[in-house]
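Next come the chains, spelled out residue by residue.
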Amino acid sequence: MIFEIKNSCFDANPKTQRLLELADFVVRGRHRIYVENEEDIEYANWLETLPPDLADGWQLALDVSMESEALEPAKLKISVCEQATIGVDSIPPSLTVEDATRLGREPYRIFVENSDADRNFLLTFSNFQQKRKLEELERENLLRFEHCGGIGDLSNKVQSHLAKNPLFFEVCATVYDSDAKKPNAPSTQAKAVETFCTERSIASFMLKRRAIENYLMLSWIRSWATKRPNRKARKQAFGRLDSLCKLNMQQRSHLHMKKGLAADANEIQGGAHELFQGIDVGALEQLQTGFGNDIGSDIYSETWVQNSQPSEDQDAWDEVNGVVSEVMVLCR
C-alpha cells in the first residue's frame, strides 16, 4: 500500500519514530510513502532536525517509493494525517501516524488450508523473481501463510483476524481447494468460503482443480514413486501412476489423488459420476486407492520441484502463477 503523508504530520510534536518506521517498511521491500508537499515549511524544518543518516534513509525511502510505484502501482492508498476524526470508511481511508504504522507493520496474511503444503505449492508455481520476493517478505515478517486446519475452519480463522482491525480485510487473502469432483462444481464448503470473502471484500482464490495434488506434474510423481520405502510400495505407486496416465486431463484434474476413486465410490457406482465412467477396468482397479495423504506435501516440499518452473502442464502453470501474481500485487 502507499501511505500519503499529509503535512499535518510534520506540525508541532511530529511522531518522528513512527514516520521513520513507515520509511523502513519501504526499504525492507513492502509499501510506499509519499509526502503531500515537500515544499511545506513544517516538513522542511522536520527534515532538518533529523541526523544525516536518518535523513538519507528517509530520502532513500521516498526515491524507492517513486520508482516502485511507477513500475508496480500499489493496490491500496492510505491518507496519513493528524486530525480529530479518523475515517476507515473514507476513500482513501485516513489514519493517524500511529494507526498507519500499526497497519503497515501487519504482515500480509495468506490464509490457506495447510500452511506448509499450500505455501510450497504456491512457491512451486512462482517464477524465480516471485519466489525470491515471497521468501524475502517472509524473512522480514511482512508476509505470512496462516494455517487454517482445513477449509471448514478457514472462514472462522479469517473472521477472528478481521475482528482485530476494520482495515485488516485489505491485508489478507485466501487460497483454497475447490474440492470439485467435476469441472465447475466446487463443493458446498468451497462456495461458502467464496461467498464469505466476497461479502467482506477479501481477496479470494479458489483453485479450479479439485486440490493442490491435482496440479502435480507426472514426472514429479514418477520421481516420488522411485523413492518409496520398499519394493512393494514402489510397485504400488508405479501401478497407480501408470493408471493415472491413462486418464484424460479432466479426470486427472478431479480425481481424489489422496484416496483415489474410493472417495467417490457412491457416485460412481450409482452412475451419477459421469466423469469417471468408461475407465479401463485395470486402471479403475488400480485407482480405487489413491497415492496417500502425504503425496502433495512430500513433492511440493522438494527444493528441486520448487525450482523446476513446471512446463509440462501449461494450464496448471497459467492458473496458479496467475494467483501468485495477484497476491504479489496485493501485498505491495
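Above this note sits the structure.
Nothing here was measured: the structure is a model prediction, and the numbers come from that model.

Novice: Report on the overall build of the chain, specifying residues and quantitative values.
Specialist: A tally of regular secondary structure across the chain gives 16 helices and eight strands. On the principal axes, the C-alpha backbone points of the chain span a range of 80 × 35 × 30 Å. For the chain, the residues scored as buried account for 48% of the 332 residues in total. Pairs at least 24 apart in sequence give 76% of the contacts found in the chain among residues at least 6 apart. When the accessible area of the chain is evaluated, it comes to approximately 16200 Å², of which 47% is carbon and sulfur surface.

Novice: So what about the nonpolar core? Which residues, and what values?
Specialist: Grouped burial of nonpolar side chains is what soluble globular proteins tend to show. Ranked by size, the top nonpolar core spans 95 residues in total, and within it I33, W58, F125 and I221 carry the most contacts. Element by element, the count of residues in this core is highest for helix 16 (residues 314-330), at eight residues. With residues near it in sequence (within four places) discarded, I33 still touches F3, I5, L22, A23, V26, W58, A61, L62 and S65.

Novice: Mind laying out the sheet that holds strand 1 (residues 2-5), listing which residues take part and the relevant values?
Specialist: The strands making up a sheet associate through backbone hydrogen bonding, with each pair oriented either parallel or antiparallel. Overall, parallel pairing links the four strands, which are arranged 2-1-3-4 in an open sheet. Edge positions in the sheet fall to strand 2 (32-35) and strand 4 (94-95), since each of these pairs with one other strand and no more. Strand direction decides the pairing type here: strand 1 and strand 3 (residues 77-80), joined by four bridges, are parallel. Looking across to strand 3, one finds that I2 is bridged to K77. Across the sheet, helix 3 (residues 52-71) lies against strand 1 and strand 2, angled at about 110° from strand 2, the strand it touches most.

Novice: Mind laying out the pairing of strand 8 (residues 203-206), listing which residues take part and the relevant values?
Specialist: Along strand 8, the buried face is formed by A203 and F205; none of S204 and M206, which line the opposite face, is buried. For the handedness criterion, the β-α-β arrangement of strand 7 (residues 172-176), helix 8 (residues 188-199) and strand 8 is classed as right-handed.

Novice: Would you mind going over the packing of aromatic side chains in detail, with residue names and values included?
Specialist: According to the stated counting rule, one finds twelve aromatic pairs in the structure shown. With a centroid separation of 6.3 Å and an interplanar angle of 40°, the aromatic rings of F125 and W317 are classed as tilted. Pair noted here: F125 is in the loop between helix 5 (115-124) and helix 6 (128-139) and W317 is in helix 16, with a separation of 192 residues, a long-range link. On the basis of an interplanar angle of 65° and a centroid distance of 6.2 Å, the ring pair of W224 and F291 is categorised as edge-to-face. Within this pair, whereas W224 is found in helix 9 (residues 218-226), its partner F291 is found in the loop between helix 13 (281-286) and helix 14 (295-300), the two being separated by 67 residues in sequence. Over the face of the ring belonging to Y215 we find R209, whose NZ or CZ atom lies 4.8 Å from the ring centre.

Novice: Provide a residue-level description of the packing of helix 2 (residues 41-49) against helix 3, including the pertinent values.
Specialist: Packing of helix 2 against helix 3 brings their axes to within 9 Å, and their N-to-C directions diverge by 130°. One finds that helix 2 runs oblique with respect to helix 3. Listed contacts from helix 3 to Y43, W46 and L47 of helix 2 are A55, W58 and L62. Taken together, the residues that form the contact of helix 2 with helix 3 break down as six nonpolar, no polar and no charged.

Novice: Could you give me a rundown of unusual backbone geometry, with the residues and numbers involved?
Specialist: Phi is positive for D179, close to 55°, though the residue is something other than glycine. With a relative accessible area of 26%, D179 lands in the partly exposed category. The phi torsion at N184 lies on the positive side, around 60°, for a residue other than glycine. Judged by its relative accessible area of 79%, N184 falls in the exposed class.

Novice: Describe in detail the side chain of R332, supporting the description with residues and values.
Specialist: With respect to the helices and strands, the residue R332 is situated in the segment after helix 16. Residue class for R332 comes out buried when judged on its relative accessible area of 17%. Here the side chain of R332 touches P73 through a polar contact of 3.0 Å, landing on its backbone oxygen. Setting aside anything within four residues of it in sequence, one finds R332 in contact with M1, R30, H31, R32, E72 and P73.

Novice: Would you mind going over the pattern of salt bridges in detail, with residue names and values included?
Specialist: Going through the model one piece at a time under the given rule, you end up with 24 salt bridges. Across the pair E82 and K15 runs a salt bridge whose closest N-O atoms are separated by 3.4 Å. Taken as a pair, E82 in the loop between strand 3 and strand 4 and K15 in the loop between strand 1 and helix 1 (16-27) lie far apart in primary sequence, 67 residues in all. For E82, a relative accessible area of 30% corresponds to the partly exposed category. K15 sits in the partly exposed class, given a relative accessible area of 30%. R200 serves as the salt-bridge partner of E199, at 3.5 Å between the closest nitrogen and oxygen. Since its relative accessible area comes to 59%, E199 is described here as exposed. Judged by relative accessible area, R200 falls into the partly exposed class, the value being 29%. Several salt bridges converge on common partners, so that one network encompasses E106, R109, R144, E146 and K157.

How each quantity is defined
- Per chain, the residues get numbers from 1 upward, laid out in the order the sequence is written.
- This being a predicted model, a pLDDT of at least 70 is required before a residue's local features are given, and a value of 80 or more before pairs of side-chain atoms are given or counted; all residues contribute to the totals for chains, interfaces and linings.
- Values reported for side chains reflect all heavy atoms of the structure, with hydrogen atoms and water molecules removed beforehand.
- In this description a helix means any DSSP run of H or I spanning at least four residues, a strand means any run of E spanning at least two, and both kinds are numbered starting from the N terminus.
- Here the term buried applies to any residue with accessible area under 20% of the maximum for its type, exposed to any over 50%, and partly exposed to those in between, with areas from a 1.4 Å probe on protein chains only.
- Here, residues are in contact when the closest pair of their heavy atoms is within 4.5 Å.
- Residue exposure ignores everything except the shown protein chains as possible cover, and the areas themselves are Shrake-Rupley values with a 1.4 Å probe.
- Here, the term nonpolar core denotes a set of buried Ala, Val, Leu, Ile, Met, Phe, Trp, Tyr and Cys residues that are joined through side-chain atoms within 4.5 Å.
- At least two bridges found by DSSP between two strands are what make those strands a pair.
- Lines are fitted to the C-alpha atoms to define the axes, a helix being fitted only along its stretch in contact, and any angle between axes, read from their N-to-C directions, falls within 0 to 180 degrees.
- Seen with the strands pointing away from the viewer, any crossover whose path from the first strand over the helix to the second strand runs clockwise is right-handed.
- A pair of Phe, Tyr and Trp rings is counted when the ring centres sit within 6.5 Å of each other, with Trp represented by its six-membered ring. The angle between the planes then sorts it: under 30 degrees is stacked, over 60 is edge-to-face, the rest tilted.
- The criterion is that NZ of a Lys, or CZ of an Arg, lies within 6 Å of the ring centre and within 35 degrees of the ring normal, and then a charge sits over that ring.
- What sets the label is the angle itself: under 35 degrees gives roughly parallel, over 145 gives roughly antiparallel, 65 to 115 gives roughly perpendicular, and the rest give oblique.
- Nonpolar residues are Ala, Val, Leu, Ile, Met, Phe, Trp, Tyr, Cys and Pro. Charged residues are Asp, Glu, Lys and Arg, and all others, Gly as well, are polar.
- What qualifies as a polar contact is a pair of N or O atoms within 3.5 Å, subject to a donor-acceptor requirement within protein and to the restriction that residues adjacent in sequence count only when both atoms come from side chains.
- Salt bridge, as applied in this entry: a Lys or Arg side-chain nitrogen positioned within 4 Å of an Asp or Glu carboxyl oxygen.

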